[in-house]
Amino acid sequence: MATQEKIAAVSELKERFEGSNAVVLTEYRGLTVAKLKELRRALGAETEYAVVKNTLAGIAAKEAGIDAFEGQLAGPSAIAFINGEFIDAAKALRDFAKENPQLIIKSGYYDGEALDQAGVDRFASLESREVLLAKVAGGAKGALSKIARTVDALRIKLEESEGAAPAAAEEAPAEDAE
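Residues numbered from 1 in each chain as written. Predicted model: local features only at pLDDT ≥ 70, side-chain atom pairs only at ≥ 80, totals over all residues. Heavy atoms only, no water.

- An unreviewed UniProt entry lists the chain under the name Large ribosomal subunit protein uL10, from Rothia aerolata.
- In its Function (unreviewed entry) section, the UniProt record describing the chain reads: "Forms part of the ribosomal stalk, playing a central role in the interaction of the ribosome with GTP-bound translation factors." (UniProt positions renumbered as here; feature names shortened; annotations may be inferred.)

Below is the structure:
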């Protein structure tokens with residue numbers, strides 16, 4: 001590969017690193033082209049899974065300020081450049097690796113933090129954003145309905161006490177008249 005081509009490849013990889021929400025480094029030794037195509041499909045449209053040259057990827061990662069892959073760029077490497085939800089992509093990678101042990105998740109980088117394989121697995125075990133938002137909404141709905149019941153009970157109690165006070169006031173003048 002000519003020097004100009006290498007410079008262009010490093011520049012392109014650097015742009016991918018900088019433009020991604022997260023990246024995950026994998027080793028794909030032994031996976032067929034058909035299996036890699038299946039993995040790309042499983043990752044979805046918002047994740048780009050690219051086979052990379054280790055040296056060029058290392059240079060590009062350093063230029064992008066990512067040091068998560070030092071010492072791990074060996075063997076056949078591919079990187080998932082994630083532009084969508086990291087949790088969804090991490091789940092897709094984990095599930096694919098369970099079915100295809102040739103895929104090895106080495107490390108990742110998300111939200112300014114380097115992740116090891118266990119870190120990527122922790123994110124993969126989280127529920128999706130939609131499920132978490134639904135749980136928050138359900139909790140908020142429960143709290144709001146509890147507040148509404150409390151306010152309604154206070155209103156009823158206040159109406160009862162106000163209703164009792166005028167009735168007592170009406171009885172009092174009748175006693176004074178006697």
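This is not the end of the story, as more comes after the structure.
## What to know about the packing of helix H4 (residues 86-99) against helix H5 (residues 117-125)
Stage number 1. Following both chains from N to C, one finds H4 and H5 inclined at 110°, their axes separated by 8 Å at the closest point. Between H4 and H5, the interaxial angle falls into the category roughly perpendicular. In the packing of H4 onto H5, the handedness of the crossing is left-handed. Between H4 and H5, the contacting residues are Phe 86, Ile 87, Ala 90, Lys 91 and Arg 94 on the first element and Val 120, Asp 121, Phe 123, Ala 124 and Ser 125 on the second.
Stage number 2. Of the residues contributing to the contact of H4 with H5, the split by class is six nonpolar, one polar and three charged. (Axes fitted to C-alpha atoms, helices over the stretch in contact; angles between N-to-C directions. Helix = DSSP H or I, 4+ residues; strand = E, 2+ residues; numbered from the N terminus. Parallel < 35°, antiparallel > 145°, perpendicular 65-115°, else oblique. Left-handed = near helix turned anticlockwise from the far one by under 90°. Contact = heavy atoms within 4.5 Å. Nonpolar A, V, L, I, M, F, W, Y, C, P; charged D, E, K, R; others polar.)

## Comments concerning H4
Stage number 1. An ideal rise of 1.5 Å per residue puts 20 Å on 14 residues; H4 measures up with 20 Å between its terminal C-alpha atoms.
Stage number 2. Those residues of H4 that sit buried are Phe 86, Ile 87, Ala 89, Ala 90, Ala 92, Leu 93, Arg 94, Phe 96 and Ala 97. (Expected span 1.5 Å × (residues − 1). Buried < 20%, exposed > 50% of the residue type's maximum accessible area, 1.4 Å probe, protein only.)

## Comments concerning the nonpolar core
Stage number 1. Grouped together as the largest cluster of nonpolar side chains are 23 residues, with contacts concentrated most on Tyr 49, Leu 93 and Leu 103.
Stage number 2. Of all the secondary structure elements, the ones that give two or more residues to this core are strand S1 (22-27), helix H2 (33-43), strand S3 (77-82), H4 and H5.
Stage number 3. Considering each element in turn, this core owes the most residues, seven residues, to H4.
Stage number 4. Apart from the residues lying within four places of it in its own chain, the contact partners of Leu 93 are Val 24, Thr 26, Leu 39, Leu 43, Ala 80, Leu 103 and Ile 105.
Stage number 5. Judged by nonpolar contacts, the second largest core, of 18 residues, contains Val 10, Leu 13, Phe 69 and Ile 79. (Core = buried A, V, L, I, M, F, W, Y, C linked by side-chain atoms within 4.5 Å.)

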